[in-house]
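Working through the structure, step by step
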Amino acid sequence: MRRLLPVVAGCLLSWVLGAVVVRLGLDWADTFPYSEASERRYLGVAGAALLVAIGGSVATLLVARHRHRRARDTSDAS
């Protein structure tokens, strides 16, 4: 359970940061007058938010996996 808590917290933090990217990105996109380019801006904001959320989750899982392997290898060597 102690190993799972940081992973869950890291994944949640990644998705919260993704939501922050959406909020800030949409505020930025709305500073321009509506045009055909607005849709591309909205899609770019959505893509950036997903990149932050999914990328952060994957990075959290990879770091946790690396630390678990290192702890296991250290305990096996003893």
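Here is a short report on the structure shown in this document. (Residues numbered from 1 in each chain as written. Predicted model: local features only at pLDDT ≥ 70, side-chain atom pairs only at ≥ 80, totals over all residues. Heavy atoms only, no water.)

Moving on to the overall build of the protein. Scanning the protein from N- to C-terminus turns up two helices and zero strands. Scaling as 2.2 N^0.38, a compact globule of 78 residues should have a C-alpha radius of gyration of about 12 Å, whereas the protein reaches 18 Å, well beyond that. When the backbone C-alpha atoms are referred to their principal axes, the protein occupies close to 65 × 15 × 10 Å. For the protein, the residues scored as buried account for 19% of the 78 residues in total. Taking all contacts inside the protein whose residues are at least 6 apart in sequence as the whole, residues at least 24 apart take part in 72%. (Helix = DSSP H or I, 4+ residues; strand = E, 2+ residues; numbered from the N terminus. Rg over C-alpha atoms; globule rule 2.2 N^0.38 Å. Buried < 20%, exposed > 50% of the residue type's maximum accessible area, 1.4 Å probe, protein only. Contact = heavy atoms within 4.5 Å.)

Taking 1.5 Å per residue as the helical rise, helix α1 (residues 4-29) with its 26 residues ought to reach 38 Å, and the 37 Å between its terminal C-alpha atoms agrees with that figure. Three or more residues of α1 are buried, namely V7, G10, C11, S14, G18, G25 and A29. (Expected span 1.5 Å × (residues − 1).)

Before going further, it helps to examine a nonpolar patch on the surface. Where nonpolar side chains cluster on the molecular surface, the patch consists of W15, L50, I54, V58 and L62 and spans about 480 Å² of accessible area. Counting residues per element, the nonpolar patch draws most heavily on helix α2 (residues 36-77), which supplies four residues. Here L50 lies in helix α2. (Patch = residues over 30% accessible without salt bridge, like charges linked within 9 Å, V, L, I, M, F, W, Y side chains within 5 Å. Areas by Shrake-Rupley, 256 points an atom, 1.4 Å probe, with all protein chains shown as cover. Salt bridge = Lys/Arg side-chain N within 4 Å of Asp/Glu carboxyl O.)

Summed over the entire model, instances satisfying the criterion amount to one salt bridge. The residue D27 makes a salt bridge to R23 at a minimum N-O spacing of 3.8 Å. Pair noted here: D27 and R23 are both in helix α1, with a separation of four residues, about one helical turn. Given the relative accessible area of 36%, D27 is considered partly exposed.

This part is about the side chain of S57. Tracing the backbone through its elements, the reader meets S57 in helix α2. When its relative accessible area of 10% is taken as the criterion, S57 is described as buried. Looking at S57, its side chain comes within polar contact range of the side chain of W15, at 3.1 Å. (Polar contact = N/O pair within 3.5 Å; in protein donor to acceptor, adjacent residues only side chain to side chain.)

Taken by themselves, the reported measurements are silent on function.
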